[in-house]
Amino acid sequence: MALVELELKDQVGILTINRPEALNALNDQVISELDKVLDSIDVNTVRCLIVTGAGQKAFVAGADIAQMSGLTKAEGEAFGKLGNDVFRKLETLPIPTIAAVNGFALGGGCELSMSCDIRLASETAVFGQPEVGLGITPGFGGTQRLARLVGMGKAKEMIYTARNIKAPEALACGLVQAVYPAEELMAEAEKMAARIAGNAPIAVRACKKAINDGTQVDMDKAIVVEEKLFGSCFETKDQRSAMAAFVEKRKHDPFENC
Ligand code: HXC
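Okay, so let's go over this structure. Quick caveat: nothing in here was measured; it's all calculated off a predicted structure.

## What about the site of the ligand?
- In the neighbourhood of the ligand, 23 residues make up the surrounding shell, with Lys57, Ala61, Ala63, Ile65 and Gly108 lying closest.
- With respect to the ligand, the backbone of Ala61 contributes an N or O atom lying 2.9 Å from a nitrogen atom.
- Taking Gly108, its main chain carries an N or O atom lying 2.8 Å from an oxygen atom of the ligand.
- Contact with the protein chains removes 61% of the 1,000 Å² of surface that the ligand exposes when unbound.
- Counting only elements with at least two residues in the shell around the ligand, the list comes to α2 (65-68), α3 (73-91), β6 (104-106) and α4 (108-114).

Shown next as structure tokens:
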């Protein structure tokens, strides 16, 4: 049985971490399967990816504590790099990604969700970086991405205290974009993904790149990043046909990704 599954529904991919008996904890094998599944996604046909966890209880309850318990310093660093490289691949996947957080998102699970563009949570979701209670730091990007998403003070409070937060608090601090009853979460995630998939794919991918790349540099460089990507959308068939439809006061044709 695969520990990471990919299902395609029209133009939307649904990636599921499938190790429910261990609350989808990330061991070497899960991380390596995640890497391979990400490589397998054809970003010219899949227009949005949803990431979720199998079962009713957890998105991902963290990196596998049993596997980490005996690591040497060098092995610990290598394990951090293994996860960081794969999570960065997810973060920089050219298409938009939505984490559908259906339960515990702790440690590496919170970090996995933060490597996605958008987080939608069930009312049962719990977020946290409990690592200091285990004698380690967050190691799959948590010290960096949490501060960028919720601000330095909130991130430090959560990380130093190892306090888990429930969905309403995650919504209030901007860690998640919306909260739904558990049974509605996937349908809502799929609805959002379908809406994204219906927009001009070249433009959507350019927006993701502009936001991701532009926020890493100063504003003078950032607006140049935007200008280049803005320019790259022109002369595409989708740009030409959508603007022609507007000018001619008719609905545009479905986008063709060219
Ligand atoms: C390994 C885990 C696990 C984890 C749960 N399990 N989380 N195994 N690593 N992170 C396993 C349990 O051992 C148990 O297996 C089964 O899943 C069910 O979990 P229970 O604890 O029995 O469930 P429950 O009592 O409902 O408690 C749920 C929980 C708890 C509150 C989420 O499981 C928990 O605290 N898990 C650890 C959360 C955590 O600390 N995560 C951060 C890890 S550090 P058995 O075989 O007994 O049924 C991290 C660092 C990332 O993520 C960076 C690394 C470089």
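## So, the sheet that holds strand β4 (residues 58-60)
- Taken in spatial order, the 4 strands line up as β4-β6-β8-β9 in an open sheet, and their pairing is mixed. Strands with a single pairing partner mark the edges of an open sheet, and in this sheet they are β4 and β9 (165-166).
- Of the pairings in the sheet, the one linking β4 to β6 comprises 2 bridges and is parallel in character. Within the sheet, the bridge partner assigned to Ala58 lies in β6 and is Phe104.

## Some points on the packing of aromatic side chains
- Evaluation of the coordinates by the stated rule reveals 3 aromatic pairs.
- A centroid spacing of 5.3 Å and a plane angle of 65° characterise the contact between Phe87 and Phe140, whose relative ring orientation is edge-to-face. Residue Phe87 is located in helix α3, and its partner Phe140 is located in the loop between β8 (126-128) and α5 (142-150); the two are separated by 53 residues in the primary sequence.
- The class of Phe87 is buried, set by a relative accessible area of 0%.
- Accessibility expressed as a relative area gives 4% for Phe140, which makes it buried.

## As for the nonpolar core
- If you look at the biggest cluster of nonpolar residues, it comprises 47 residues, and the most contacted ones within it are Phe127 and Leu175.
- The biggest single contributor to this core is helix α1 (residues 28-40), with 5 residues.
- Discounting chain neighbours no more than four positions away, the residues touching Leu175 are Cys110, Met114, Arg119, Phe127, Leu146, Leu149, Val150, Ile165 and Ala170.
- Membership of the second largest hydrophobic core comes to 15 residues, among which are Cys48, Ile50, Ile98 and Ile196.

## Quick word on unusual backbone geometry
- Positive phi, normally seen in glycine, also occurs at Ala162, with a value near 60°.
- In this structure, Lys249 takes a positive phi of about 55° despite not being glycine.
- Here Lys249 lies in the segment after α11 (237-247).
- For Lys249, a relative accessible area of 78% translates into the label exposed.

## Describing the side chain of Asp238
- Along the chain, the position of Asp238 falls in helix α11.
- Excluding anything up to four places from it in sequence, Asp238 contacts Ala200, Pro201, Phe255, Glu256, Asn257 and Cys258.

The rules behind the values
Residues numbered from 1 in each chain as written. Predicted model: local features only at pLDDT ≥ 70, side-chain atom pairs only at ≥ 80, totals over all residues. Heavy atoms only, no water. Near = heavy atom within 4 Å. Polar contact = N/O pair within 3.5 Å; in protein donor to acceptor, adjacent residues only side chain to side chain. Areas by Shrake-Rupley, 256 points an atom, 1.4 Å probe, with all protein chains shown as cover. Helix = DSSP H or I, 4+ residues; strand = E, 2+ residues; numbered from the N terminus. Pairing = 2+ DSSP bridges. Phe/Tyr/Trp six-rings, centres within 6.5 Å; stacked < 30°, edge-to-face > 60°. Buried < 20%, exposed > 50% of the residue type's maximum accessible area, 1.4 Å probe, protein only. Core = buried A, V, L, I, M, F, W, Y, C linked by side-chain atoms within 4.5 Å. Contact = heavy atoms within 4.5 Å.

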